[in-house]
Amino acid sequence: MTITPRDRDLGTGYAMKPSTTRTELTSVGRGTPTGELLRRYWHPVGLVSDATDIPRKVRVLGEDLVLFRDGSGRAGLLHARCCHRGTTLYYGKVEGDGLRCCYHGWKFDAEGHCLEQPCEPEGGLFKDKVRQPWYPLEERYGLIFAYLGPAEKKPVLPRYECLENMDDGEFVEADDSSIGGGGPAIIPCNWLQHFENVVDPYHVPVLHGSFSGPQFTTMMASMPQVTFEMSPRGVTVRSIRRQDDGKVFYRVTEAALPTLRVVPNPRVAQFARVESIGWTLPIDDTSFRIYVAGRVKTSGDIGRMRSKFNGKFWWDMSEREHQQFPGDYEAQVGQGPVTIHSEEHFGQSDRGILMIRRMLSDQLEALAAGRDPIGVSFDSNGPPVEFEAGNFIRDA
């Protein structure tokens, strides 16, 4: 084939078409398609220890909130903007039965009921007619979960078999430092860029293997044989790597709605069921963080799973080292605050990403038709959710 001088000039950046993003999948605010979908599930908004007698700023799904614990030990999650005159309750004072605004002293309990209006006659004759916007909370696995959706559609907070049934000497520990995100606790890009990464096993031997040096184990460095499947909860990835001894290293990873990353230990510390669950919490459209709860035998074990690059933690590296030894943070944040979907070119190895997007689109259609999305339950006596995920050794 002869390449003419004109052919060499084709395909320059100037010829690119206007770009588009699938905002129906990436946007998480109230009233957006995915924002409404995510609001039909419970989400972790902090560690149990984060709710104290000092108000804490929390931003979830684009909403600014404050988390606190009153004198009776009850946790509350209120909209930050006071319903009286609009100042933030972040500067309020926690008392025995609620949170008092710093501006005019209106006090609200953990469910937003106005208890006092001290500047009003008789302490507030219309306090029963106002209510500070609030959200229900439940505490489990060392985390505080919030439900931000319509009250009449509130599901039960799920229990998970891998966090309910302990092996000998194990207990559940929670972590809020975005283990699995490859960088700092708050990651400045859209949540979907990370959630899709959960079902992308092919990046592991490249990004975490040959490109940046083995960040996990040599077992993870080889290219796997992969199958992708839809499950009642989301997308399941089955990877097979054949070993020199004739055995098969069989690894199962799951991405489950709403934002669960069910990923076995990449260091393959044991061959067993998955030991932790991560929640990819969208802070807003351009940032997220990861909460993790897992079975451990020693406090701090979850944090010790954090990857190092060239022998260093992410925050100890220079900019040049980030270039030389990139990880998930660099690869995902490098797509931009919200990736440009119209400029992607998919191959066979990207089937998991396409399945995640199809799954989300299917659930948006279900919601629009008045149906409940997958993975929600209203049965308080239902069994714990059991995942297939784990690292296993099998005969060939």
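Residues numbered from 1 in each chain as written. Predicted model: local features only at pLDDT ≥ 70, side-chain atom pairs only at ≥ 80, totals over all residues. Heavy atoms only, no water.

Caption draft 1: Here's a closer look at the overall build of the protein. Helix and strand counts for the protein stand at 10 helices and 18 strands. Radius of gyration (C-alpha) of the protein: 24 Å, near the 21 Å computed for a compact globule of 396 residues. Seen along its three principal axes, the alpha-carbon backbone of the protein occupies a region of about 90 × 65 × 50 Å. The buried share among the 396 residues of the protein stands at 49%. A separation threshold of at least 6 residues defines the contact pool for the protein, and within that pool the share at least 24 residues apart is 61%. One finds the centroid of the 46 positive side-chain charges in the protein at a distance of 2 Å from the centroid of its 53 negative side-chain charges. (Helix = DSSP H or I, 4+ residues; strand = E, 2+ residues; numbered from the N terminus. Rg over C-alpha atoms; globule rule 2.2 N^0.38 Å. Buried < 20%, exposed > 50% of the residue type's maximum accessible area, 1.4 Å probe, protein only. Contact = heavy atoms within 4.5 Å. Lys, Arg positive; Asp, Glu negative; His and termini not counted. Charge placed at Lys NZ, Arg CZ, Asp CG, Glu CD.)

Caption draft 2: Structural context of the packing of aromatic side chains. All told, the structure shown has 11 aromatic pairs when counted by the stated rule. Aromatic side chains Phe 145 and Trp 279 sit 5.5 Å apart centroid to centroid with 75° between the ring planes, which places their arrangement in the edge-to-face category. Of this pair, Phe 145 sits in strand E10 (residues 143–147) while Trp 279 sits in strand E16 (residues 276–284), and the two are 134 residues apart along the sequence. A single burial state applies to Phe 145 and to Trp 279, both of which are buried. Summarising the aromatic geometry, the rings of Trp 191 and Phe 195 are spaced 5.6 Å apart at their centres and angled 35° between planes, so their arrangement reads as tilted. Taken together, the residues span about one helical turn, with Trp 191 and Phe 195 both in helix H5 (residues 191–195) at a distance of 4 residues. When its relative accessible area of 0% is taken as the criterion, Phe 195 is described as buried. Counting every residue linked through ring pairs, the aromatic cluster contains Tyr 141, Phe 145, Tyr 160, Trp 279 and Phe 387. (Phe/Tyr/Trp six-rings, centres within 6.5 Å; stacked < 30°, edge-to-face > 60°.)

Caption draft 3: Layout of unusual backbone geometry. The omega torsion across Leu 257 and Pro 258 is 10°, close enough to zero to call that bond cis. Tracing the backbone shows Pro 258 in the loop between strand E14 (247–256) and strand E15 (260–262). For Ser 178, which is not glycine, the phi torsion reads 65° and is therefore positive. When you line up the elements, Ser 178 lands in the loop between strand E11 (171–175) and H5.

Caption draft 4: Here's a closer look at the sheet that holds strand E2 (residues 56–60). The strand order across the open sheet formed by 3 strands is E2-E3-E4, and the pairing between neighbours is antiparallel. Edge positions in the open sheet fall to E2 and strand E4 (75–79), since each of these has one partner strand only. Along the sheet, successive strands turn relative to each other by an average axial angle of 35°, direction set aside. Relative to E4, strand E3 (residues 63–69) runs antiparallel, the two being bridged by 5 bridges. Considered in E4, the bridge of Val 66 is made with Leu 78. (Pairing = 2+ DSSP bridges. Axes fitted to C-alpha atoms, helices over the stretch in contact; angles between N-to-C directions.)

Caption draft 5: Broad picture of the pattern of salt bridges. Across all of its chains, the model carries 31 salt bridges by this definition. The shortest N-O distance in the salt bridge between Glu 139 and Arg 69 comes to 2.9 Å. Remark: Arg 69 occurs in strand E3 and Glu 139 occurs in strand E9 (residues 137–140); sequence separation between them is 70 residues. Arg 357 serves as the salt-bridge partner of Glu 196, at 2.6 Å between the closest nitrogen and oxygen. Of this pair, Glu 196 sits in the loop between H5 and helix H6 (203–211) while Arg 357 sits in helix H10 (residues 351–368), and the two are 161 residues apart along the sequence. Residue Glu 196 shares its accessibility class with Arg 357, and that shared class is buried. Among the charged side chains, a network of salt bridges with common partners joins Glu 95, Asp 97, Arg 100, Lys 107 and Glu 116. (Salt bridge = Lys/Arg side-chain N within 4 Å of Asp/Glu carboxyl O.)

Caption draft 6: Looking closely at the state of the cysteines. Taken as a whole and judged by the stated rule, the model has 0 disulfides. Unpaired in terms of disulfides, Cys 83 finds its nearest cysteine sulfur in Cys 82, a separation of 5.1 Å. The exposure class of Cys 83 is partly exposed, given its relative accessible area of 32%. Lacking any disulfide linkage, Cys 101 is separated from the closest cysteine sulfur, that of Cys 82, by 3.9 Å. (Disulfide = S-S within 2.5 Å.)

Honestly, it's all geometry; don't read function into it.
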